[in-house]
Every structure is written in C-alpha cells, then in structure tokens.
Amino acid sequence: GKSHYQMKDMKVESIIRCGLDRWSCEIGSMWCSLAQYQSRSGWFERARDVYEEAMSKVTTARDFGQVFDAYAHFEETVIEGKMSATSDGEVDEEDVEGALYPHGGASRQAQYQSRSGWFEKARDHPP
C-alpha cells in the first residue's frame, strides 16, 4: 500500500488541481500554490514540472506573469541555496551541479542553456 505521506501528497495535489477547474479567476495563484507545495516538500523537479505545465496552460497575461515571476523566484532561490551550501563547505560543486541539473543524458551546461533559453523565450513571448 501507499504510505501516509504519499496519500497526503496525492490529496493536496488533487485538491489544488480541482481548484484549477473551479476557480478560473485564481488560476495563476492556484498553479503557484501547487508548485510552492512541491518546493516546500523538497521536490524541486516536481515543482519545476508544475511551473512548466502552468506556463503552457495559463491563458491570460496576468496569470502568465504571476506564474513566470514565481518560477523565476523559485529558480533563484534554489540556485542561491545551493551556492550558499557550496561556499559554506557543506557540499562540493559537483553536488550542486547535480542538484541543479539532475537529468541524466544531457550535459549540465546544455541543461543550463536550455533552461536559460526557455526563460528568455517565455519572458519575451507571453500568451
């Protein structure tokens, strides 16, 4: 069976996703809440997935701006935290790069360039 934590996670995500269908005036805020929940739980890749899904699904400039700003702040916070841990000697640079760019096949530099390019494209061409 599923653990208590897996069930709780499923409930939180289900409740927020249900809200996406019901409260169209709060779409940007609901997406941000779901991503922030994932982030606070330490699931940074899941939070990124939620932000990217939100960016592709929002239909107003207001919601896009809200999600984009939250996503950019999330990325800055993650990077600052990892860099701070590196400078404090808690982890080495390889660990930081692995945490920031965890996908196997692609090089870390390519992942960085891809993410940077995505942000630039999204910033310059909102819905």
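Residues numbered from 1 in each chain as written. Predicted model: local features only at pLDDT ≥ 70, side-chain atom pairs only at ≥ 80, totals over all residues. Heavy atoms only, no water.

Caption draft 1: Up close: the nonpolar core. Among the nonpolar cores identified, the biggest contains 21 residues, and W31, Y51, M55, V58, V67 and F74 are the most heavily contacted of them. Those elements that provide at least two residues to this core are α1 (4-22), α2 (27-40), α3 (44-57) and α4 (61-87). With 7 residues, α4 is the largest single contributor of residues to this core. The residues contacting W31, other than those within four sequence positions of it, are R17, L20, V50, E53, A54, K57, V58 and V67. (Core = buried A, V, L, I, M, F, W, Y, C linked by side-chain atoms within 4.5 Å. Buried < 20%, exposed > 50% of the residue type's maximum accessible area, 1.4 Å probe, protein only. Helix = DSSP H or I, 4+ residues; strand = E, 2+ residues; numbered from the N terminus. Contact = heavy atoms within 4.5 Å.)

Caption draft 2: Summary view of the confidence of the model for the chain. Confidence in the prediction for the chain averages 75 pLDDT; 60% of positions are at 70 or higher. Across the chain, element-level confidence peaks in α3 with a mean pLDDT of 92 and bottoms out in helix α5 (residues 93-100) with 56. (pLDDT = per-residue confidence, 0-100.)

Caption draft 3: A look at the pattern of salt bridges. Throughout the structure, instances matching the rule amount to 4 salt bridges. For the salt bridge of R48 with E45, the shortest nitrogen-to-oxygen distance reads 2.7 Å. With R48 and E45 both in helix α3, this residue pair falls 3 residues apart, about one helical turn. E75 is paired through a salt bridge with R48; the nearest N and O atoms lie 2.7 Å apart. With E75 in helix α4 and R48 in helix α3, this residue pair connects regions lying 27 residues apart in the sequence. Of the two residues, E75 and R48, both sit in the buried class. Put simply, E45, R48 and E75 are held in one network by salt bridges that share partners. (Salt bridge = Lys/Arg side-chain N within 4 Å of Asp/Glu carboxyl O.)

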